Amino acid sequence: MYLTRFRFNSARSGARRLLGSPHLMHGAVNMAFPEPPARDGQGPRVLWRLDNDHQARTQLYIVSPHRPDLTHLVEQAGWPTLAEPGWATFAYTGFLDALAAKDTWSFRLTANPVHNIRLPQDRPGARTHRTAHRTPRHQLRWLLERQEGAGFEVLRKAPGKQLTQFGDEYELIVRDQLPLRFRRPGAERPRQDVRFTRVTFDGRLRITDPEAFRRTLTHGLGKAKAYGCGLMTLAPVAPQ
């Protein structure tokens, strides 16, 4: 497994075009591999995420079973005249293997929190409809409902550090909610558009099941993985 970081040159039109289209970005990420891994759930897949740091730099993170070649991204959206390759790739397998139960980490996850509902006009037995969770409270609950199966638990705050009596129990921030809608190539009607809501979770966690947690890091969490959702990354817990 490999973890790759690429920085965009947002002054370039190619970068702005990619950053404005999850579909184009999905294609650009896939082009980094001669043969992208199968998306059948049997093995690790290619996951990606866009991040903006405190200096307003936009970076692309990719987790993948094979080492990517991002030459095409440098040419379209980076700094092609510089001597440096424009991206950095790190061996990830050793890090994953070293993860152990009770380890604590800071984490970032961009995800697509959804649930299934039935509409009032639906007939009995009709298929449910997938819809986005739209409030931070429900988005937080979506993640908490999946943490056990994903091999971790979000840390709870000490009572004295909670800013409110209810709703601030966890070391977790939900931010950057972004509704997205775009049309797939070949789609002819608006009802065929791709629609999803992307949100970012920043928090702290404790590993409860290392094997399940490694699967979360390499297979992703939730829906819309092809469009920049599902990738969780870790960082050492900063001292408080």
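This text goes with the structure placed above it.
Description of the structure in this document. Please read these numbers as outputs of a predicted model, since none were measured by experiment.

In terms of regular secondary structure, the protein chain is built from 6 helices and 11 strands. Classification of the 240 residues of the protein chain by burial places 44% in the buried group. A separation of at least 24 residues holds for 69% of the contacts in the protein chain among residues at least 6 apart in sequence. Of the accessible surface of the protein chain, which amounts to about 13900 Å², a share of 50% is contributed by carbon and sulfur atoms.

Our focus in this paragraph is the sheet that holds strand β4 (residues 87–91). Across the sheet, 4 strands lie side by side as β2-β3-β1-β4; this open sheet has antiparallel pairing. Strand pairing shows two members of the sheet lacking a second neighbour, β2 (47–52) and β4, which therefore form its edges. Neighbour-to-neighbour, the strand axes of the sheet open up by a mean angle of 20°, direction not taken into account. Bridge analysis of strand β1 (residues 2–7) against β4 gives 5 bridges, and the strand direction is antiparallel.

A separate point is the environment of Ala-158. With respect to the element layout, Ala-158 can be found in the loop between β8 (152–154) and β9 (172–182). Along the sequence, Ala-158 and Tyr-170 sit 12 residues apart, while their C-alpha atoms lie 8.9 Å from each other.

Counted as a void, the second largest pocket has a volume near 360 Å³. As for the second largest pocket, its lining consists of 17 residues, and the residues nearest its centre are Arg-49, Asp-51, Tyr-61, Thr-233 and Ala-235. Classifying every residue of the lining of the second largest pocket by side-chain character gives 7 nonpolar, 4 polar and 6 charged.

The element strand β5 (residues 104–111) is extensively covered by neighbouring structure, given that 6 of its 8 residues are classed as buried. Pairing analysis gives 4 bridges linking β5 to strand β11 (residues 232–235), with the strands arranged antiparallel. Bridge pairing links Ser-106 to Ala-235 in β11.

Our focus in this paragraph is the side chain of Ser-21. In this structure, Ser-21 sits in the loop between α1 (13–19) and α2 (22–30). Looking at Ser-21, its side chain comes within polar contact range of the main-chain nitrogen of Leu-24, at 3.0 Å.

Turning our eyes to something else, we now look at helix α6 (residues 210–219). Of all 10 residues in α6, 7 are buried; the element is thus mostly enclosed. A positive backbone phi angle near 90° is found at Gly-220, which sits one or two residues after α6.

Next up on the list: the nonpolar core. Core analysis: the largest hydrophobic core is formed by 31 residues, its most contacted members being Phe-107, Leu-143, Phe-201, Leu-205, Phe-213, Met-232 and Leu-234. Of all elements in the fold, only β3 (58–64), β5, α5 (136–150), β8, β10 (194–207), α6 and β11 reach the threshold of two or more residues within this core. Looking at which element gives the most residues to this core, the answer is α5, with 5 residues. Leave out the neighbours within four places in its chain, and Leu-205 touches Asp-103, Thr-104, Trp-105, Phe-107, Phe-152, Glu-153, Val-154, Leu-155, Phe-213, Met-232 and Leu-234. Phe-6, Ala-15, Phe-33 and Leu-73 belong to the second-largest nonpolar core, a separate cluster that totals 17 residues.

Attention shifts here to unusual backbone geometry. With a phi angle near 80°, Lys-102 is a residue other than glycine that sits in the positive phi range. Inspection of the secondary structure puts Lys-102 in the loop between α4 (93–98) and β5. For Ala-224, which is not glycine, the phi dihedral falls at a positive 60°. Structurally, the position occupied by Ala-224 is in the loop between α6 and β11.

Summed over the entire model, instances satisfying the criterion amount to 6 aromatic pairs. Ring plane angle 90° and centroid distance 5.0 Å describe the contact between Phe-6 and Phe-8, whose orientation is recorded as edge-to-face. For Phe-6, a relative accessible area of 1% translates into the label buried. When its relative accessible area of 3% is taken as the criterion, Phe-8 is described as buried. Each ring, one from Tyr-92 and one from Phe-95, has its centre 5.7 Å from the other, and the planes form 10°; the classification is stacked. An aromatic cluster of three or more residues is present, and its members are Tyr-92, Phe-95 and Trp-105. Over the aromatic face of Tyr-61 sits the side chain of Arg-49, whose NZ or CZ is 5.5 Å from the ring centroid.

What counts and how
- The residue numbering used here restarts from 1 in each chain and proceeds along that chain's sequence as written.
- Residues qualify for local features only when their pLDDT is at least 70, as the model is predicted, and side-chain atom pairs are given and counted only at 80 or more; totals for whole chains, interfaces and linings, by contrast, use all residues.
- Excluded from the side-chain calculations are hydrogens and water; all other atoms, namely the structure's heavy atoms, are used.
- Secondary structure elements are defined from DSSP: runs of H or I of at least 4 residues count as helices, runs of E of at least 2 residues count as strands, and each element is numbered from the N terminus.
- Residue burial is assigned from relative accessible area. The probe radius is 1.4 Å, only protein chains are included, and a residue is buried under 20% of its type maximum, exposed over 50%, and partly exposed in between.
- Here a residue-residue contact requires only that any non-hydrogen atoms of the pair lie within 4.5 Å.
- Shrake-Rupley sampling with a 1.4 Å probe provides the accessible areas, and residues are treated as covered by the protein chains on show and by no other component.
- Two strands are said to pair when DSSP picks up at least two bridges between them.
- Only C-alpha atoms enter the line fits that serve as axes; for helices the fit covers just the stretch in contact. Angles between N-to-C directions range over 0 to 180 degrees.
- Cavity means a closed set of points on a 1 Å grid over the protein atoms alone, one where a 1.4 Å probe fits but cannot get out, pocket means an open set with protein on both sides within 12 Å along at least 5 of 7 lines, and lining means a residue has an atom within 4 Å of a point.
- Grid points are joined across faces, edges and corners, and a volume is the space filled by probe spheres set on the points.
- Following the grouping adopted for this structure description, the nonpolar residues are Ala, Val, Leu, Ile, Met, Phe, Trp, Tyr, Cys and Pro, the charged ones are Asp, Glu, Lys and Arg, and the polar ones are all others, Gly among them.
- Throughout this description, a polar contact denotes any pair of N or O atoms lying within 3.5 Å of each other; where both atoms belong to protein, one of them has to be capable of donating a hydrogen while the other can accept it, and for residues adjacent in sequence the pair is counted only when both atoms sit in side chains.
- Here, the term nonpolar core denotes a set of buried Ala, Val, Leu, Ile, Met, Phe, Trp, Tyr and Cys residues that are joined through side-chain atoms within 4.5 Å.
- The rule is short: rings of Phe, Tyr and Trp, with Trp giving its six-membered ring, pair when the centres are within 6.5 Å, and they are stacked under 30 degrees, edge-to-face over 60, tilted in between.
- Consider the ring centre and the ring normal. A charge sits over the ring if Lys NZ or Arg CZ is within 6 Å of that centre and within 35 degrees of that normal.

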